[in-house]
Every structure is written in C-alpha cells, then in structure tokens.
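Chain by chain, the residues run as shown.
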Amino acid sequence: MSNVYPISVLRSKPRICIVGGGIVGSAAAFFLAAAGCPVTLLERDTIGSKASGVNFGGVRRHARHPGELPLSIKSHRIWVKLEELIGHDCDLETPGHLKLALGEEEMAPLEAWLPVGREHGLDARLLSARELAELYPWLAPGLAGASYCAGDGFANPRLVAPGFARAAREAGALIREGCPVSAIEKGLCGWVVRPEEGGEVVADIVINATGAWATTIRMDFSAPVSPAPAAPQMFVTEPMPMRIMPVLGLVSGDIYLRQSVRGNIIFGGGRGKISADGWRSSPGETPFREVPAIMRRLIPDLGQALIIRSWTGIEGHTPDGLPVIGACPDQDGLFQAWGFSGHGFQMGPGVGQCLSELVLTGKTDIDLSAFDPTRFAHAAARTGGGIH
Amino acid sequence: MAHTETRPLCVAIVGAGPAGLRAASTLVKAGLRPILINEAPEPGGQIYRRPPKALLLFRSAKDLYGADSHRASALDSAFDDMKERIDYRPSTSVWNATRRNDGRVRLHLCDASGEVDTLDCDKVVLATGAMDRIVPLPGWTEPGVWSLGGAQVMLKAQAQFVGRNPVFAGSGPLLYLVAWQYMKAGATPAAVIDASTFSAKLRAVPAMLARSAVAFRGLRMAVALRRRGILVLEGCHAERIDTTPTGFLVSWAGEQGSGDISGDAVAIGHGLKPEQQLAELLGCRLHFDPGAGQWLVETDRDGRASVPGVYLAGDMAMIRGAHAAETAGELSALAVLADAGLAPAYDGVRRIRLRRSMKRQDLFRKGLEAAFPFPSNRIENLPDETTVCRCEGVTAGDLRKAVAHWQPADVNRLKAMTRCGMGRCQSRLCGETAAALLAAGSGRDRSEVGFVRSQIPVKPLPIPARERETQR
C-alpha cells in the first residue's frame, strides 16, 4: 500500500483521460480543459469520424423523452453560442422542427408531449391538417396533422466534434488521434488507461465516451449493458428549389429530412450494413428501395430529384433508448457517457458540460437519474417515452 | 480456380468502349454469353461515340474518327456480329458494386427510366473508361468553358461546335487532336495553348517511338494547325479566363512570353483520369503512380485486380488510349477464361502477343507522360479566388484556409471540413486539386494525402417518380 495521499488530493485539478473523440468526448475535453484540468483525449480513429460526424445533423429538442429534455435544453444553450465558445458556429440553422402524423392515431403522442415541452419553456404547437396544407402546400395531402417546435434546426455534424477538439487543444488538452485503447484499469492512485500502442495514461478521472464500442474495451468490472450497434442510412439529393424550411420527421421515424442552405435535401431512414468486425458500415439495399419512395410519397412534387450520395455511421442503442451517463457506485472517477441510441448529436455539447461539472464540483444542475448506469441491473428495461 | 458448377459462368462487363467490346467478343468466341452493360445508348465508348443515326448521313466514319476509323468500324462490326450472343444492356448505369458472401459480385443497376435492379455475376470486367482531368483556373466555371472531352463529344455526337473560334488550352494528346478535329470540321481555333514544353516532348521521343505511327500522327496534327496559321503556344499556360461581350479573353503566360487571346469558347483539359469508382467500392487496392501523378487500381499484367473475380481493362486501369484498351480488353477476357478453367486452345500464344503489344503501349504511355507532364505546380500556385469545387462553391483559398485550420490528415478529412467534392460530380473534377492543395499546404507528397474515397451511388440515382411495387 502506498502511504502517500492520492495525487488527486494534492493537485488543484484532477487529471482527466477521455476515451473516445466523438461529440461527447470532444465537448467534455473542451469544457474540462477550459476549466484548467490537464486533459488527454484518446481517439481510435479521427475526431468525430464515427456517428458524431456522419449523422443527420438534427439539433432538436422537440418530441424528446421527458427525461432527456432538461439535458437537451441545456445543450441547446450551448449550440446557439458555439461561435463564441469554440470559434465556429458549425453551420447551425434554426428553422424549427416539424413532426408529422400520417394518421389520426399518430396525433395522440404529439398531443401528449405538448404540455411537457411547454412546461420546459419550449415554443411548441399543434398544426391541424388544414394549417399544414396552408403553410406547407408541397406536403402530400391527407396528413393528419403535426407538431411544430420553434428554434430547433440542424448543424453540420462534420464540424462539431473537430471544432470542440480543436478548441480543447487550444485550451491545453492533449488530443491523440489514431490511438485505440485496449484496457481501462484501476490503479493504485487513480485509473490507468492503456493505449494499444503501449504505454499508459494515468488519470484521476476517466470518461468512457466510446459510443457503440463502449464495452469493447477491457475493464476490471462488468459493464451495465452493452450497446446494440445500428447504422442509420442517410441520403442527399443534388440542390433543389428551396422549400423545406423546417426539419421534418415522421412520428413513426421512418424518414427525417431537411434542406441545406445550398438546396440539397438530406434525408435519412432505414439501416445499412455493419462489417463483421463491427468497425465499418455501408449503405444497405433495402433502404435504397424503400426510403426514397417514402420521400416521394411525402413530397409528391419533387420533380427530377437525383440522389448523389448515401452514407451510414454506427451508433449504439440501449434497451430503453436512453443514454448511459454517470459513474457506477463502485467505480469512483470512471464516468460512462454513451448509448445515445440515435439522438446524441444534439445532446453532446450539454453532456460534455454536465460531465465537466460533475468532475469539478460533484454535481450538475441537470437531473441525470434517467441515465443512471445501474438502471438495467435493477429493473427490466422500460420503454422509451420519446417520439423518435 | 476452375469453374466446376453446372451453371454457365456468368461474366458481366461494365462499359462498351473499345476495352469492353473487345472483352465481350473474346468471351463470345470462347462460347460464353457475357452481360454487357453500357451507360450510353450506343456502343463505342467516348472515343468511338456514335452520333444519333440521323446525323450519320452527314458524316462518315472517316470524318468522325479520323485515322482510327478502321478500328471504329472493326469494333462496330464485332458488336453487330455478337449482338445476338450477348446479354446487352444499353442505357444502364452501374451505381454500386458489392461483394457477396459467396464471392460473387453484385452490380446495382439503374436503367434509363430510373428503375433499379441488381445483377449477380461470377466475374466482372470493369471497362469504365476515363474522363477529363481538369486543372482549374480563374474563370473555368463560366458557361462556354468546356472540357476538351466535352468539346469533342459535341462535335462527334452532335455535329456541333462549342464555338467557331475556340481557345484550346491544357496539355496531352487530346489537346492537339480536338483542335485538329475542329479545324478539319470547319472551325478556326483561336489558339492552342500547350502547357508542355518543346524540350519535354523532345526528351520523350525515344519512348514514343514504340508507336512511331501514332507519335507521327500527333506531330502531323500540330504541323497542320500551324500551317493553317493557328497560334500554337508551347510551354505556356492559360492563366485566367475573363468573359467579354463577345466571348472570352484568355490570358496566357510561359516560355513564349505572355498575352491575351480572345475566342468565342474555351476548352481545357490536362489529359484523362480513370473512372475507377466501382473497383474501389469492390475493395480493390489502389497505388499512387508517380509517372501519371494519379492513384491507379493495382492489377497484374493481364488486368486482374487485387480482389478475386474483378478484372480491369482500358483507360479505367491506366490511361493508354483506345488501341491499348482493345488489347487490354482481350487480355482481361483471357484472364477470366483462364481463371475459370475455360482457356481456349489458342490462349497461350495469343496472350504472349498481346502482352508484348501491351509492353509497347506502356512504353509509349511513359513517353506521353514525359511529353505532357501533369502541371501540379499550377495547382499549388492557383490564386485564392479560383473555384475548385463548382458544385459546392469551394475556392482554392477556402481549401488553403481549411488545411491550416483543421490540419486534415488526408483529403477525405479536407472534404469533410470544406464540402469540396460533395456535389454531383462526387469529387471527380476537384478531388485531385484538393489533394494537391493539401499536399502543398502540409509539406507532404501527393501519395501521402490519399485519394477521395468513392461513395455510392457513383452515378446519380433518380428518386422514383411513382412508388415501386414492393417485392418480397
């Protein structure tokens, strides 16, 4: 046994090691480095090259699970001042978000969510079929209605994680790309993170932000649950006349779409294929057959729209569709932040800030109880209350 | 590996230019019924592109294809002879290629009406050809500025001029060929601005003697252009293109001083670039070829790629021209047959002759590369305001700024940060320029910054106009 105090007691700031350079890891690195902590971030590939960098880019609070809303709203406050924080606005646009109900039965969840959203101060309202047709005459006739939330929108996913990482580096963080981690171990004083290439990083605090691969790293304890990988598929058309102002989604989640400022329509739906080793994904055949047809049904007058690119990325899903955020009771100083189940992009910056607050002060103003890492051990998985 | 199953060997050929047609006729001769997929409505590829039938009345094969007319006619009749014995799919593009677990290749097709379909085959010969290689310059995106290949297609397929007094600029054999073809057809080119120097061409003479007749023909075209009084500026670059009320003003500079030339159209190009996306999607290895200054798909001398069952032929493997493409097409088909245990009796002797011919073509190619070196330094010195990616409106300055700001590890990262190459052409036109700017801006070699990875669909795919019937 060591007879000296753990180094963390003597230091003014804890040493941080973040594993995973997606949006969550990069944002956490930024907030912690900006607060003066010595931060090392280890990324297997390049910063933001997995789900964080290739997702739909939706920045949405609308229709979220009530448990996620406070975190989502905290995150939104960061989104709107990214330029000031990290020196780049990441192409954020906020034309609002529209959730469409195809049939009457799909109106019920929208109606149920509305008071929840309003309680959290969101400017959301229901639109009748008639209002929809008046406001968005290019939508297919016969929709039951929709819910609209002002202030939501989209950003350029390719810039966000690299933007945070770059700002973190400027604040003094050490960002190492191409550095896979093989193990996280409990050391004599703090944690030991072992990169595959050899050596070790000793830290008081370790944040596991490795998304779909959160449980592939060898750890001295069992993980609460393993994220199930999925590879949502995206498509983009060549530039089209501008008309789709808000970001659109269906209650069913079968398709979501937006129009870029250059006019390209970006839409997602269906799932691609994941390679046998679990590290790469590619677009699948079925979504190519089905998803463009759904879009044509939703917006019949698309003209000669041509798809110019399709892509996928791998994200990790939990049984209840909610992320795992926090420390397990017997693993003091090891934080988990993963399993965002397809809606982590918008929350990423907020999660980074929460983690920074938890590390520095032991608490955060956001109730994270819905994301408790131990919840899967206690109860059978609940079903999520969010609408895709 | 012998083909032992009872099912006949299924071979698909993508592309019906000289390489694809020759591969098909070789397989037909061996008793197979290959599937020939052609993006264009008529066979012949870009080089022997057929005009719509009505226009043929006005222009003979000799007029259209010049000294190569006998080759064009021979391929034409080869196609007519085998038409009934192949599964021919005209007006069909291949927008994706994947490898199935059983080792077969799946091609994803899209026909003229936008219907998609898949096709599984045992072996695939990729003969997808090449496209213009463009070095941007200020003004190159103005309407009325064409690629050399585009200007040639206008003449060959539509019997139209891009202008009556066009300025031709760039380098490579196509530069003189197109200018000469325009002259022969009755236009008066304003000038030919050739980036390569006389001394470079002189140094390349020994290698070019491997095909002295072709080299001589090129020389004759240059002489004919000069004799007609057309300004030929060797060792000079087009520096910028400005629009004027009557057309364009092209500023040039180089060994012969500097100046401005006006014309009513401009056509630019610096050689050709292989269309290798399908090979890349199938996982074939690429390597950087310093001579060509390009990434090329690796093959053995008969056209086998690094992935079993995938064969390459023609310009998509390496830019060697139409004659070599025919040779390569036949060689790749013989490789297909040999690998399937179906090698015909004549195979051995024939293959030796073809390989010997390829060697000569290769020597000639090296001569051309020396005579018309790719002007990488032009890209490095592009003015900041030059548009590089016309689809997304990304300039050389934007790219330089992004290189400094993000320090991208490779050109794909640079693409992600700037959107350069995310438009309709999928980096075909701008990927090389972006890579050269990244290499220059980070003190690396082109071979160290990679190539822009292909993404599907490699050809734009229409969103179906009506709902498809749901199968299965």
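J.: Any chance you could break down the overall build of chain B for me, citing the residues and the numbers?
T.: In terms of helices and strands, chain B carries 16 helices and 23 strands. For chain B, whose C-alpha radius of gyration is 22 Å, the value lies close to the compact-globule estimate of 23 Å for 472 residues. A principal-axis box enclosing the C-alpha atoms of chain B has dimensions of 70 × 50 × 50 Å. Counting only residues that meet the buried cut, chain B has 56% of its 472 residues in that class.

J.: Would you mind going over the interface of chain A and chain B in detail, with residue names and values included?
T.: Between chain A and chain B, the contact holds 32 residues from the first and 29 residues from the second. Here chain A packs against chain B, burying approximately 2900 Å² in sum over the two surfaces, 55% of which is carbon and sulfur. Per-residue buried area on chain A facing chain B is highest for R158, I308 and R309 of chain A; these three make up 21% of the total on that side. Taken together, the connections running from chain A to chain B amount to 4 salt bridges. The shortest N-O distance in the salt bridge between E285 of chain A and R106 of chain B comes to 2.9 Å. At the level of elements, α8 (157-170), α9 (285-298) and β21 (306-312) of chain A are the ones that each hand at least two residues to the side of chain A that touches chain B.

J.: Give a detailed account of the pattern of salt bridges, specifying residues and quantitative values.
T.: Using the criterion set out here, one finds 47 salt bridges over all chains in the structure. Here E357 of chain A and K74 of chain A are joined by a salt bridge, their closest N and O atoms 3.0 Å apart. Residue E357 of chain A is located in helix α10 (residues 348-361), and its partner K74 of chain A is located in helix α4 (residues 69-79); the two are separated by 283 residues in the primary sequence. Here K74 of chain A falls in the buried class, since its relative accessible area comes to 6%. The structure contains a network of salt bridges with shared partners spanning D300, D302, R304, D339, R351 and R355 of chain B.

J.: Break down the confidence of the model for chain A for me, citing the residues and quoting the values.
T.: Residue and element names in this part refer to chain A. Averaged over chain A, the pLDDT score is 92; the fraction of residues at 70 or greater is 93%. Between residues 1-10, whose pLDDT stays under 50, and residues either more than four places distant or in other chains, the model counts 3 contacts. The low-confidence segment residues 380-384, where pLDDT is below 50, has 7 contacts with residues more than four positions distant or belonging to other chains.

J.: I'd like a rundown of the sheet that holds strand β12 (residues 231-234) of chain B, residues and numbers included.
T.: Residues and elements named next belong to chain B. The sheet built from 5 strands is open, its strands ordered β9-β16-β10-β11-β12 with parallel pairing. The open sheet has two edge strands, β9 (145-147) and β12, and neither has a second partner. Between one strand and the next, the sheet's axes are offset by a mean angle of 15°, whatever the strand orientation. Two elements, β9 and strand β16 (residues 265-270), share 3 bridges in a ladder whose sense is parallel.

J.: Please provide a residue-by-residue account of the confidence of the model for chain B, values included.
T.: Mean pLDDT over chain B works out to 91, with 94% of the residues at or above the 70 mark. Reported for the predicted complex are a pTM of 0.92 and an ipTM of 0.90.

J.: Can you tell me about the side chain of E392 of chain B, naming the residues and giving the values?
T.: Mapped onto the elements, E392 of chain B comes out in the loop between β21 (387-389) and β22 (394-395). Here the side chain of E392 of chain B touches R262 of chain A through a polar contact of 2.8 Å, side chain to side chain. If near-sequence neighbours (up to four positions away) are discounted, E392 of chain B is found in contact with R262 and N264 of chain A together with R419, M422 and G423 of chain B.

J.: Explain the environment of Q455 of chain B residue by residue, including any values.
T.: Its place among the elements puts Q455 of chain B in the loop between α16 (431-441) and β23 (461-462). Between the C-alpha atom of Q455 of chain B and that of E280 of chain B, which follows or precedes it by 175 residues, the distance is 9.5 Å. Setting aside its immediate chain neighbours within four residues, Q455 of chain B contacts R309, S310 and W311 of chain A together with K415 and Q426 of chain B. A polar side-chain atom of Q455 of chain B sits 3.2 Å from a polar atom in the side chain of K415 of chain B.

J.: I'd like a rundown of the packing of helix α14 (residues 396-406) of chain B against helix α15 (residues 411-418) of chain B, residues and numbers included.
T.: All names here are of chain B. Two numbers describe how α14 lies on α15: the axes approach to 10 Å, and their chain directions differ by 110°. Comparing the axis directions of α14 and α15 gives the class roughly perpendicular. Across the interface between the two elements, D398, L399, A402, V403 and W406 of α14 pack against L414, M417 and T418 of α15. The residue makeup of the contact of α14 with α15, split by class, is 6 nonpolar, 1 polar and 1 charged.

J.: Help me get a handle on a positive patch on the surface, residues and values and all.
T.: Residues and elements named next belong to chain B. A grouping of R301, R353, R356, K359 and R360 is seen on the molecular surface, where their side chains present a positively charged patch. Within the fold, R356 resides in helix α12 (residues 347-371). Residue R356 is classed as exposed on the basis of its relative accessible area of 52%.

J.: Mind laying out the packing of aromatic side chains, listing which residues take part and the relevant values?
T.: Under the criterion given, the structure shown has 15 aromatic pairs over all chains. On the numbers, 5.3 Å between centres and 40° between planes, the contact of F161 of chain B with Y182 of chain B is tilted. Linking F161 of chain B in the loop between α5 (148-158) and β10 (166-171) with Y182 of chain B in helix α6 (residues 173-184), this pair joins segments that are 21 residues apart in sequence. Pairwise contacts between aromatic rings join F235, F267 and F288 of chain A together with W95 of chain B into one cluster. The lysine or arginine in question, R211 of chain B, covers the ring of F364 of chain B, its NZ or CZ lying 5.1 Å from the ring centre.

J.: An account of unusual backbone geometry is requested, with residue identities and associated values reported.
T.: All names here are of chain B. With an omega of -5°, the peptide bond running from I456 to P457 counts as cis. Structurally, the position occupied by P457 is in the loop between α16 and β23. The phi dihedral of Q407 falls on the positive side, at around 45°, and the residue is not glycine. Within the secondary structure, Q407 is located in the loop between α14 and α15. The exposed category is assigned to Q407, whose relative accessible area is 61%. At R419, a position not held by glycine, the phi torsion is positive, near 70°. Assignment of secondary structure puts R419 in the loop between α15 and α16.

J.: Break down the state of the cysteines for me, with residues and values.
T.: Between two cysteines, a covalent bond joining their sulfur atoms is known as a disulfide. All names here are of chain A. Taken as a whole and judged by the stated rule, the model has 0 disulfides over all chains. Cysteine C328 is unpaired, with the sulfur of C354 as its nearest cysteine sulfur at 17 Å. Classification of C354 by relative accessible area gives buried; the value is 1%.

J.: Kindly report on the pairing of strand β1 (residues 16-19) of chain A, identifying the contributing residues and their values.
T.: All names here are of chain A. Neither face of β1 is exposed, since I16 and I18 on one face and C17 and V19 on the opposite face are all buried. Where β1 and strand β2 (residues 39-42) come together, 4 bridges link them in parallel fashion. Of the residues in β2, the one forming a bridge with I18 is L41. As a crossover connection, the stretch from β1 through helix α2 (residues 23-34) into β2 is right-handed. Where β1 lies against strand β12 (residues 205-208), 4 bridges are found, and the strand directions are parallel. By the bridge assignment for β12, C17 is matched with V206.

J.: Explain the sheet that holds strand β13 (residues 236-244) of chain B to me, using residue names and the numbers behind them.
T.: Residue and element names in this part refer to chain B. The 3 strands are arranged β13-β14-β15 in an open sheet whose pairing can be described as antiparallel. Strands with a single pairing partner mark the edges of an open sheet, and in this sheet they are β13 and β15 (257-263). Going from strand to strand, the sheet's axes swing by 20° on average, the running direction of each strand aside. Taken together, the 7 bridges between strand β14 (residues 247-254) and β15 define a ladder with antiparallel strand orientation. Residue pairing across strands places G254 opposite G257, the latter belonging to β15.

J.: Run through the pairing of β14 of chain B, naming residues and quoting values.
T.: All names here are of chain B. Inspection of the sheet shows β13 paired to β14 by 8 bridges, in the antiparallel sense. Across the sheet, the residue bridging to T243 is F248, located in β14. The turn joining β13 and β14, which pair antiparallel and follow one another in sequence, is formed by 2 residues. Connecting the antiparallel pair β14 and β15 is a turn made up of 2 residues.

Definitions and cut-offs
Residues numbered from 1 in each chain as written. Chains lettered and ligands numbered in written order. Predicted model: local features only at pLDDT ≥ 70, side-chain atom pairs only at ≥ 80, totals over all residues. Heavy atoms only, no water. Helix = DSSP H or I, 4+ residues; strand = E, 2+ residues; numbered from the N terminus. Rg over C-alpha atoms; globule rule 2.2 N^0.38 Å. Buried < 20%, exposed > 50% of the residue type's maximum accessible area, 1.4 Å probe, protein only. Contact = heavy atoms within 4.5 Å. Buried area = accessible area lost by both parts, 1.4 Å probe. Salt bridge = Lys/Arg side-chain N within 4 Å of Asp/Glu carboxyl O. pLDDT = per-residue confidence, 0-100. Pairing = 2+ DSSP bridges. Axes fitted to C-alpha atoms, helices over the stretch in contact; angles between N-to-C directions. Polar contact = N/O pair within 3.5 Å; in protein donor to acceptor, adjacent residues only side chain to side chain. Parallel < 35°, antiparallel > 145°, perpendicular 65-115°, else oblique. Nonpolar A, V, L, I, M, F, W, Y, C, P; charged D, E, K, R; others polar. Patch = residues over 30% accessible without salt bridge, like charges linked within 9 Å, V, L, I, M, F, W, Y side chains within 5 Å. Areas by Shrake-Rupley, 256 points an atom, 1.4 Å probe, with all protein chains shown as cover. Lys, Arg positive; Asp, Glu negative; His and termini not counted. Charge placed at Lys NZ, Arg CZ, Asp CG, Glu CD. Phe/Tyr/Trp six-rings, centres within 6.5 Å; stacked < 30°, edge-to-face > 60°. Lys NZ or Arg CZ within 6 Å of the ring centre and 35° of its normal. Disulfide = S-S within 2.5 Å. Right-handed = clockwise from strand over helix to strand, strands pointing away.

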